[in-house]
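# Examination of the molecular architecture
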Number of protein chains: 2
Amino acid sequence: MTKRRYYTITELTAEFGITTRTLRFYEDEKLLNPERQARKRLYTPRDRTRLKLILRGKRLGFSLAEVREIIEMYDHAPGERGQLEKLQDRIAERQAELEQKQKDILETLEELNQVNSSVQQRLNELK
Amino acid sequence: MTKRRYYTITELTAEFGITTRTLRFYEDEKLLNPERQARKRLYTPRDRTRLKLILRGKRLGFSLAEVREIIEMYDHAPGERGQLEKLQDRIAERQAELEQKQKDILETLEELNQVNSSVQQRLNELK
DNA sequence: AACAATGTTGACGTTTACGTAAAATGCGTA
DNA sequence: TACGCATTTTACGTAAACGTCAACATTGTT
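Residues numbered from 1 in each chain as written. Chains lettered and ligands numbered in written order. Predicted model: local features only at pLDDT ≥ 70, side-chain atom pairs only at ≥ 80, totals over all residues. Heavy atoms only, no water.

## Digging into the protein's contact with DNA strand D
This is how the line gets drawn: Nearness is judged by heavy atoms alone; a residue qualifies as near a molecule or strand once a single heavy atom is within 4 Å of it. Any N or O atom pair separated by 3.5 Å or less is treated as a polar contact, with the protein-specific requirement of one donor-capable and one acceptor-capable atom, and with residues adjacent in sequence counted only for side-chain atom pairs. Every helix listed is a DSSP run of H or I at least four residues long, and every strand listed is a run of E at least two residues long, numbered separately from the N terminus. Note on residue categories: nonpolar means Ala, Val, Leu, Ile, Met, Phe, Trp, Tyr, Cys or Pro, charged means Asp, Glu, Lys or Arg, and polar means any other residue, Gly included.
Near DNA strand D lie 19 residues; those nearest to it are A:T10, A:R41, B:T19, B:Y26 and B:L64. A breakdown of the atoms of DNA strand D within 4 Å of the protein gives sugar and phosphate a share of 74%. With respect to DNA strand D, the side chain of B:R21 contributes an N or O atom lying 3.1 Å from a base oxygen. In this structure, a phosphate oxygen belonging to DNA strand D sits 2.7 Å away from a side-chain N or O atom of B:Y26. Elements supplying a minimum of two residues to the surface near DNA strand D: α1 (9-16), α2 (20-28) and β2 (40-42) of chain A together with α2 (20-28) of chain B. Ranked by the residues each element gives to the surface near DNA strand D, the list is headed by α2(B), at four residues. Counted by class, the surface near DNA strand D contains five nonpolar, five polar and nine charged residues.

So this is what it looks like as structure tokens:
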């Protein structure tokens, strides 16, 4: 029993709740790079991993362009000093963005809790 | 020195880094409801607060439709039992979403930290 | 009164991220 | 070999969220 090497397009749509159109679109956008068996797409574990990164990025409100930038950070080439320093800057920017989102989430959760409490109190009074 | 009561459209665009088009669009969408002095819009503190909620929602990747739903939760009418219970369900859904986003953020931050470390190591080697 | 600054209402245009339908292809099975 | 099913390419369509004019109105100076 050896490890699965490839995923078909429908397997991925089923696993992640997306359509084939979406997967082909991401490929057009060079975000995925499945191999071919005749004309059929065969997605590698690497494709699947990247897909997860894409969908996670989308959940966080990043555009595909932003997702692309983030993914490019993950597999950046070695590069020289100047490049590396710029990369660090861009990483710092994204981290700052994410931390802002964290704050936004905490605030929203807190507010929703307050609403929930007041609704609960109403319900108790109706009892 | 009494409290400011109104904001002009340009004051808000300046404060939040958005355009007048955006503010008018939100008004078309019934998300804002500025008063008028002749034809000019006068935004109340309440409008400003709602604008902050909208922009925060957008940062978190919510669509305007979703933002609207969330805002409606904030100022829901008293309502009867059935309504209140449905409201609680919807609140719970949003909370779950937000918690998923929190996880996504933590994962991404962690990965960016790893990338940053490896970049830093490269830089040290180049020294 | 003239003018610039600020704002207003249309209304068509644009980008992003896919949806959707048509026509052709390959492949396992009856 | 004929069929059904998954998949492919091609291409036009669409919803959301504004952008970008054009043309007119208001208001506070010079």
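## Examining the interface of chain B and chain A
Which entries qualify depends on this criterion: Should any heavy atoms of two residues lie within 4.5 Å, those residues are considered in contact. Take a side-chain nitrogen of Lys or Arg and a carboxyl oxygen of Asp or Glu: if they are within 4 Å of each other, that pair is a salt bridge.
Each partner contributes to the interface: chain B provides 42 residues, whereas chain A provides 42 residues. Counting across the chain B and chain A interface gives six salt bridges. A:E111 is the partner of B:R56 in a salt bridge, and the nearest nitrogen-oxygen pair spans 2.6 Å. Counting across the chain B and chain A interface gives 18 residue pairs in polar contact (both at pLDDT 80 or more). When contributions to the side of chain B that touches chain A are tallied by element, the ones reaching two or more residues are α3 (45-59), α4 (64-74) and α5 (81-126) of chain B. Broken down by element, the residue count for the side of chain B that touches chain A peaks at 30 residues, all from α5(B). Looking at the side of chain B that touches chain A residue by residue, the classes come out as 18 nonpolar, 11 polar and 13 charged.

## Some thoughts on the packing of aromatic side chains
Residue and element names in this part refer to chain A. Threshold: Only rings of Phe, Tyr and Trp enter the pairing, Trp through its six-membered ring, and a pair is recorded when the two centres are within 6.5 Å. The plane angle decides the type: under 30 degrees is stacked, over 60 is edge-to-face, the rest tilted. Geometrically, a charge over a ring is one whose NZ (Lys) or CZ (Arg) sits within 6 Å of the ring centre while staying within 35 degrees of the ring normal.
Taken as a whole and assessed by the stated rule, the structure comprises two aromatic pairs over all chains. Judged by centre distance (6.2 Å) and plane angle (55°), the ring pair of F25 and Y26 falls under tilted. Seen from the ring of F62, K101 lies directly overhead, with NZ or CZ sitting 4.7 Å from the centre.

## Some points on the relation of the copies chain B and chain A
Note the cut-off: In superposing the copies, a least-squares fit is computed on C-alpha atoms, taking residues whose pLDDT is at least 70 in both.
With an axial shift of 0.0 Å and an RMSD of 0.1 Å, the rotation relating chain B to chain A amounts to 180°. Such a combination of rotation and displacement between the chain copies is what one expects of a two-fold axis. Every residue of chain B has its C-alpha some distance from the rotation axis, and the shortest such distance is that of B:G61, at 1.8 Å.

## Considering the domain arrangement of chain A
All names here are of chain A. Formally: What marks off one domain from the next here is an automatic or database domain assignment. Accessible-area loss on putting two parts together, using a 1.4 Å probe and summing over both, is the definition of buried area adopted here.
Per the domain assignment, the segments making up chain A are domain 1 (1-75) and domain 2 (88-127). Between the C-alpha centres of domain 1 and domain 2 there is a distance of 30 Å. Note on domain 1 versus domain 2: buried area summed over both sides is about 620 Å², and carbon and sulfur give 59% of it. Its largest share of buried area at the contact with domain 2, domain 1 owes to L60, F62 and M73, together 67% of the area lost on that side. At the boundary of domain 1 and domain 2, one finds two salt bridges.

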